[in-house]
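# Observations on the three-dimensional arrangement
So the chains spell out like this:
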Amino acid sequence: MVKLIVSRIHCMTFTSLRCFSAKPKVILDETISSLLHTEDMKHKKHPGIIRPKTPVFPNWASKEISDILKDHQVSFSEIRTSAQMLLNHLNNRCPPLQEAKLHEKLLRVEERLNANSNKKIHIEDIDFNKNHKARNILKQSIYNWQPINFDKLTCLTYMVSRTVQNYAVLSKILNEIRVRDEDFKPQTLFDFGSGLGTVIWAASEIWSNSLKEYLCIEISKPMIEFSERLAKAAKPKIKNIFYREYLPVSINPTYDIVVSAHSLFELPGTEARLETILNLWQKTERYLVIVEQGTNAGYKLVNEARDFILKYTNSRFKRNIRNGYVFSPCPHDLKCPRFAGSIPCNFEVLYNPLPFLNKKEHESELYSYVVIKKDKRPENDEQWPRIVRPVLHRSGHTICRMCVASGKLKEEVFTKNKSGKHIYYCAKRSNWGDRLPIHYEEPEDTLEGHEMTNEETNRKYLRRTHGTKRGI
C-alpha cells in the first residue's frame, strides 16, 4: 500500500473577500415604527401616502363649463372631437429646437440628400421653398414648434380637454405641501400661465382660511374672460384675483407660493425659459411649483428648471441669494437618475372626466413636477425614498422601484420574513408616487476591499468550524 505524502505548503497569494460585503439594511422610520407597534396608526394610512388618489372635481366648475358651452352654442359631440385632437397635440408636443442643434439637423438633411446623388449637394445651396424633397426631410428631422393661439374656440376646447386633469394634478401636489408642512399658511399666490384658473381653485380649497390674494399672469384675453367667469361661480367664493398679461419687471413683492403649470412649452426657447424660471424664483417667498405633462419632453423641461435653480442657489459667486432644496418629489438635490435614460420621471393621478364626455368613470393622467422650497434642507429632513414606478404585488412579496436619498434608483423586494411585517405592509399599501417611511443603514463591519492571505483565511475558517485547538 502506497501512502501519498503531501508536504504542508504555505501559500502567500492574496484573495479579496468581497463576498463578505453586506447590503445596506432597510429599517423602518423610528416614529412610524412605534406608532404601528402600538396600533395608533394603520399601515394603509402611513404619512408617506399621498392623498387624494382621485381628487374630486368641483360640481360648480362642471356645471359652469356646461353652461359656457351652451352659451356659445357649442355642441358636446363637436367639442369632444376637437378636444381629442388637442390632447393628441399636447401629448406629442416638443419644445422649440435650440439654435446650437439646428446646424446638426441641417447636416443630416445634407447627408440624406447626398446618399443617392452623384453630385455633391451643400446645405447652403438648397432652396427649401422649391426643393420639396429637402423640405420633407427637414420636416421629419425638425419639430415645427409653434405657440398655441388661445383664441375663444381653442380656449373652449382646452376647457373641455384639460381642466379636470390640471385640477387633479395640482390638487395632489398642493395637498402634499399642506400635509408635510402644516405650519405653512400662504397668504399670497402667484400663478404664471394661469389659464382657466385651476391652480386657484385647488389652492383656495386647500388653504381657504389663509389665502387672501391671487396674481394671475395670462396672455390670452379669452382665457382671462373664461377664468373670471369660472371664479365668480366658485363655491366658496374666491376673492382678490388680479390678472396681468405679462410678468412684472420688479422682483418685489414676493409671493408665498409661485406656480407654473403647463406653461413652459409656450416659451420660444431655452433662454426665454431660464429667464422666466429665474424671475419666478425671485418672486418666490417659500415654494416654487413647476408642472408639465408626464411625457419625455415635459419631464426634460421640469428637470431643466430644477437643475437651473439648484445651480443658481448653490453658486459660489452668489450674493444675497437664499438657499433652496427639492421638497418634492426627489428625496435629494443631486442629478436626477432618470435623466440619462429613456424613461421620464413622472407620476400618475386618477380623475373622473366631465360627465358630458361620455367616458369611463376613471382615467389617469401622467405628469412631471418639482417643488422647490426656499430654505436650507433641515438636518432632520426625513428624505424617505419616493416610489417612481407602479408597485408590483406578487404572492408573498412586494416589489418597489424607488428614488433614494443617495440620488440613485433602487429596486427593493419586501417580504414579511425578510423585511418585517410593518415594512412589508407599508410597502404593500403604497402606490406609485408615494414615499416609503424607511431608511437605509450601512453595515458597520463590512470586509469589502480587505485583503487576506490564504493562510489567514484558512485559519479563520477552521476556528469557526472546529474551534481554536493548538496546532490548527
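The text that follows walks through the structure, step by step, so that each part is easy to find. Predicted model only: the values in this text are computed from it and were never measured.

## A look at the pattern of salt bridges
- In this structure the tally under the stated criterion is 16 salt bridges.
- With its nearest N and O atoms 3.0 Å apart, the salt bridge here joins arginine 162 to glutamate 365. Of this pair, arginine 162 sits in helix 6 (residues 152-180) while glutamate 365 sits in strand 10 (residues 363-373), placing them 203 residues apart in sequence.
- Judged by relative accessible area, glutamate 365 falls into the buried class, the value being 8%.
- One salt-bridge network, held together by shared partners, links Glu64, Asp71 and Arg229.

## Points about the nonpolar core
- In terms of nonpolar packing, the biggest core is built from 70 residues, with Leu174, Ile177, Trp201, Trp207, Ile257 and Val289 touching the most fellow members.
- With 13 residues, the single largest contributor to this core is helix 6.
- Apart from the residues lying within four places of it in its own chain, the contact partners of tryptophan 207 are Leu174, Ile177, Arg178, Phe184, Pro186 and Ile257.

## Overview of unusual backbone geometry
- Put simply, lysine 235 and proline 236 share a cis peptide bond, and its omega is 0 degrees.
- Looking at the secondary structure, you find proline 236 in the loop between helix 8 (221-232) and strand 5 (241-244).
- Backbone geometry places glutamate 39, a non-glycine residue, at a positive phi of 60 degrees.
- By secondary structure assignment, the location of glutamate 39 is in the loop between helix 1 (30-37) and helix 2 (59-71).
- Given a relative accessible area of 71%, glutamate 39 falls into the exposed group.
- Positive phi is not limited to glycine here, since histidine 262 has a value of about 55 degrees.

## A closer look at the packing of aromatic side chains
- Under the counting rule described, the total for this entry stands at 15 aromatic pairs.
- Between phenylalanine 184 and tryptophan 207 the ring centres are 5.7 Å apart and the planes differ by 85 degrees, which places this aromatic pair in the edge-to-face class. Of this pair, phenylalanine 184 sits in the loop between helix 6 and strand 3 (188-192) while tryptophan 207 sits in the loop between helix 7 (198-206) and strand 4 (213-217), and the two are 23 residues apart along the sequence.
- Residue class for phenylalanine 184 comes out buried when judged on its relative accessible area of 7%.
- Ring pairs connect the aromatic residues Phe57, Trp60, Tyr167 and Trp201, which therefore count as one cluster.
- The ring of tyrosine 440 carries lysine 410 above its face, with NZ or CZ at 5.0 Å from the centroid.

## Things to note about the side chain of aspartate 256
- Checked against the element boundaries, aspartate 256 lands in strand 6 (residues 255-261).
- One buried charged side chain, aspartate 256, makes no salt bridge at all; its nearest oppositely charged neighbour is arginine 286, positioned 6.9 Å away.
- At a separation of 2.6 Å, a polar atom in the side chain of aspartate 256 contacts the main-chain amide nitrogen of glutamine 187.
- If we skip the residues at most four places from it in the chain, aspartate 256 touches Phe184, Pro186, Gln187, Thr188, Glu285, Arg286 and Tyr287.

## Some remarks on the pairing of strand 7 (residues 284-293)
- When you tally the buried positions in strand 7, you get eight out of 10 residues, the bulk of the element.
- Pairing geometry for strand 6 and strand 7, over six bridges, is parallel. When the sheet's bridge partners are listed, valine 259 is paired in strand 7 with valine 289.
- Read from strand 6 through helix 9 (residues 270-282) to strand 7, the crossover connection turns out right-handed.
- Pairing of strand 7 with strand 10, which is carried by seven bridges, proceeds in the antiparallel orientation. Following the sheet pairing, tyrosine 287 is matched in strand 10 by lysine 373.

## Details of helix 1
- Turning to helix 1, its buried residues are Ile32, Ser33 and Leu36. Down the axis of helix 1, the buried set is contained in an arc of 100 degrees. They therefore lie on one face. In helix 1, the exposed residues that point more than 90 degrees away from the buried face are Glu30 and Thr31.
- Structurally, helix 1 contributes buried residues whose contacts are with strand 2 (25-28) and helix 12 (421-429).
- Positive phi appears at glutamate 39, one or two residues downstream of helix 1, with a value of about 60 degrees.

## Details of a positive patch on the surface
- A cluster of basic side chains, namely Lys42, Lys44, Lys45, Arg51, Lys416, Lys421, Lys428 and Arg429, defines a positive patch on the protein surface.
- For the positive patch, the element with the most residues is helix 12, which contributes three residues.
- Along the polypeptide, lysine 428 turns up in helix 12.
- The class for lysine 428 is partly exposed, based on a relative accessible area of 34%.

## With respect to the environment of alanine 233
- Tracing the backbone shows alanine 233 in the loop between helix 8 and strand 5.
- Using a relative accessible area of 18% as the deciding quantity, one classes alanine 233 as buried.
- As a C-alpha pair, alanine 233 and alanine 61 span 172 residues in sequence and 7.4 Å in three-dimensional space.
- Not counting residues up to four positions away in its chain, the partners in contact with alanine 233 are Trp60 and Glu64.

## Some details on the side chain of glutamate 292
- Following the sequence through the fold, glutamate 292 ends up in strand 7.
- Comment: no salt bridge for buried glutamate 292; closest opposite-charge side chain is arginine 93, at 7.3 Å.
- Once residues lying within four places of it in the same chain are set aside, the contact partners of glutamate 292 are His262, Ser263, Leu264, Phe265, Gly298, Val302, Tyr367 and Ser368.

Reading guide: rules and limits
Sequence order as written defines the numbering, with residues in each chain counted from 1. It should be noted that, the model being predicted, local features are given only for residues of pLDDT at least 70 and side-chain atom pairs only at 80 or more, the latter also being counted only at that level, while totals for whole chains, interfaces and linings use all residues. Based on all heavy atoms of the structure, the side-chain values leave hydrogens and waters out of the count. Note on definitions: salt bridges are taken to be side-chain nitrogens of Lys or Arg within 4 Å of carboxyl oxygens of Asp or Glu. To qualify as a helix, a DSSP run of H or I must reach at least 4 residues; to qualify as a strand, a run of E must reach at least 2; elements of each kind are numbered from the N terminus. A simple rule labels every residue: compare its accessible area, found with a 1.4 Å probe on the protein chains alone, to the largest value its type can have, and call it buried under 20%, exposed over 50%, or partly exposed in between. Residues grouped as a nonpolar core are buried Ala, Val, Leu, Ile, Met, Phe, Trp, Tyr and Cys residues, joined through side-chain atoms within 4.5 Å. Contacts between residues were defined by any pair of non-hydrogen atoms, one from each residue, lying within 4.5 Å. Only the six-membered ring of Trp is used, alongside the rings of Phe and Tyr, when aromatic pairs are assigned; centres must lie within 6.5 Å, and planes under 30 degrees apart are stacked while those over 60 apart are edge-to-face, with the rest tilted. In this scheme, Lys NZ or Arg CZ marks a charge over a ring once it lies within 6 Å of the ring centre and within 35 degrees of the ring normal. Counting rule applied: Lys, Arg positive; Asp, Glu negative; His and chain ends not counted. Any pair of N or O atoms that falls within 3.5 Å is considered a polar contact. Within protein, one atom must be able to donate a hydrogen and the other to accept it, and sequence-neighbouring residues count only if both atoms are side-chain atoms. Strand pairing requires that DSSP identify at least two bridges connecting the strands. Handedness of a crossover: with both strands directed away from the viewer, a clockwise path from the first strand across the helix to the second marks it as right-handed. It is the directions from the helix axis to the C-beta atoms whose arc is reported. Patches were defined on residues exceeding 30% relative accessible area and lacking a salt bridge, with like-charge contacts within 9 Å and nonpolar side-chain contacts (Val, Leu, Ile, Met, Phe, Trp, Tyr) within 5 Å. With residues, only the protein chains shown are counted as cover, and all accessible areas are computed by Shrake-Rupley using a 1.4 Å probe. Where a charge sits is defined by one atom per residue type, namely NZ (Lys), CZ (Arg), CG (Asp) or CD (Glu).

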